[in-house]
Structures are given as C-alpha cells and as structure tokens.
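Listed below are the residues making up each chain.
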Amino acid sequence: PYGANVQGPVLTGDPAKDADKDILVLLEGITPVCQYPELPTGCEMTSLAIALNYFGFSADKCRLADEFLDKKPVGQADFYQSFVGDPRDENSFGCYAPVVVNAANRYLSYAGSDLAASDWTGSELSDLFRFLDAGVPVIIWATLDLAEGQYTVTWNVGGKDLTWFSPEHCMVLVGYGESTVWVADPVYGVIRGFSRELFESRYQDLKKQAVIIQ
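A brief report on the enclosed structure follows. (Residues numbered from 1 in each chain as written. Predicted model: local features only at pLDDT ≥ 70, side-chain atom pairs only at ≥ 80, totals over all residues. Heavy atoms only, no water.)

## With respect to the packing of aromatic side chains
Operational definition: Working definition: rings of Phe, Tyr and Trp (its six-membered ring) pair if their centres are within 6.5 Å, and the pair is stacked with planes under 30 degrees apart, edge-to-face with planes over 60 apart, and tilted otherwise. Buried means the residue's accessible area, taken with a 1.4 Å probe over protein chains only, is under 20% of the maximum for its type, while exposed means over 50%, and partly exposed covers the values in between. Either the NZ atom of lysine or the CZ atom of arginine qualifies as a charge over a ring when it sits within 6 Å of the ring centre and within 35 degrees of the ring normal.
According to the stated counting rule, one finds 18 aromatic pairs in the structure shown. A ring pair is formed by Phe 79 and Tyr 80, whose centres lie 5.5 Å apart and whose planes are at 40°; its orientation type is tilted. Given the relative accessible area of 34%, Tyr 80 is considered partly exposed. Geometry around Phe 131 places Arg 130 over its ring, the cationic atom sitting 4.5 Å from the centre.

See the structure below:
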C-alpha cells in the first residue's frame, strides 16, 4: 500500500522502512485510494471512502460523490452545507467537515451500520491522536502538499460572504510519531509522512477540521 517518494515536503514513501524509530502509532489495514482520474476535486469523498473501507465497507469514491454528497453549483454553495461544484469537475472546489459528516451518515444508514460520523472540528491535533490509539482513522483537512495557503475567491451565498482557502485538501490521518504524522493522501493514492509541526500549522489554517467514524 505504500508508494514511492513523491514531490512535496515528504519525509518518506514507506514509513515501515524509513521512519520506524519515529512511529508511535501507524494503523494497519488502511488501503489508500487515489481520487484521480474520476474525481479531480474529490479528495473529501475519496478520504471518506478510505475511512469507510477501513471499517470493512466496500464504499466506492464515485458512488459516494454521486449519490450521498450534497452538491450545489459554484457560486451557490455554502461549503459548510454542500460541495462547491461537483467532485467530477476539475473546476470545482470542495467542502468542509459538516458536509462529509452528512454524506458519511447517509452511507452508514444506507448500509445498515451502527457506526456514525461526527464532527470534531476545533480539536487540537494532539487530541486526535487518541483516536489513532484506539484504531480509528481521522478524516482531516490541511493543504495540498502542505503548501502555504491563501484566501482566494469569495462568493455571496444567502447574504453571507464565503471565501475559499486554497489549496484546501482532505486526507486521512493514519499514524503519528514524535515529529511525524502519516496520512493516506487521495491525490497520490499512497501513505505519506509529513513534518508534524508543519502539518499542524496547515491543519490550523483549515480551521482544525476533523471527522471521526466510530
């Protein structure tokens, strides 16, 4: 499941080989999924698929995007309530944690599961590690390749100005160490290691958003 080195501030493509001394927890049984080519802006639904499948479901990223995700056209969508555009469209944007929670719970209800998704936005990164300790992955927001982000386009939706932070990116937190965190990254379809300090900074830039399924 581990990929080769890729561009960006990546410490390694294989945590088992290159950073074993730093690993405190690394979940087993995580199968990374790549969002491409079907969902060029679908990191959120691909991350959801990764998390659901870890729990034994057979969730397809495209079906999640097509059937379980709230979507509205760009300029009409509040990213706290619906996906801005469509994950199949490269000119679309994304969504925030409450939208993923709703999509997850629709799927879990459809699947007849007792599991439920909940929004843990506002949690400190270190506080989320307890879920990994318990064997639970965390759907989490940061930036693509942990690049420095900025506020870009603004839409007025329902009389409220909403400004998009780019390059927003959703991943699945699957491990941590003293100075490293590990994520299943939908852009590359691999598990990547990042500087814990830098990841925490980007996590804060994206308003400390996190979703848990348990």
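## Comments concerning the nonpolar core
Nonpolar side chains tend to gather and get buried jointly when the protein is soluble and globular. In plain terms, the rule: As used here, the term nonpolar core means buried Ala, Val, Leu, Ile, Met, Phe, Trp, Tyr and Cys residues forming a set that is joined through side-chain atoms within 4.5 Å. Under the DSSP-based scheme used, a helix requires at least four consecutive residues in state H or I and a strand at least two consecutive residues in state E, with every element numbered from the N terminus. In this description, contact between two residues means that some pair of their heavy atoms is separated by no more than 4.5 Å.
Within the largest apolar cluster, 40 residues are counted, with the highest numbers of intra-cluster contacts made by Met 45, Leu 48, Leu 52, Leu 64, Ile 139, Trp 141 and Val 211. Of all the secondary structure elements, the ones that give two or more residues to this core are α2 (43–54), α3 (61–68), β3 (83–84), α4 (97–110), β5 (138–143), β6 (150–157), β7 (160–166) and β11 (210–213). With sequence-adjacent residues up to four places away left out, Leu 52 is seen in contact with Phe 57, Ala 59, Leu 64, Tyr 107, Leu 108 and Ile 213. Core analysis: the second largest hydrophobic core is formed by 29 residues, Val 25, Leu 125, Val 172 and Leu 173 among them.

## Some details on the pattern of salt bridges
Worth spelling out the cut-off: The rule for a salt bridge is simple: a side-chain nitrogen of Lys or Arg has to be within 4 Å of a carboxyl oxygen of Asp or Glu.
Enumeration according to the criterion identifies nine salt bridges in this entry. Ionic pairing is found between Asp 78 and Lys 160, a salt bridge with its closest N-O pair at 3.1 Å. Separated by 82 residues along the polypeptide, Asp 78 in the loop between β2 (71–72) and β3 and Lys 160 in strand β7 bring together distant segments of the chain. Given a relative accessible area of 40%, Lys 160 falls into the partly exposed group. A salt bridge links Asp 205 to Arg 202, with the nearest nitrogen and oxygen atoms 3.6 Å apart. Here Asp 205 and its partner Arg 202 are both found in helix α6 (residues 196–205), three residues apart, which amounts to about one turn of the helix. Its relative accessible area of 13% is what places Arg 202 among the buried residues.

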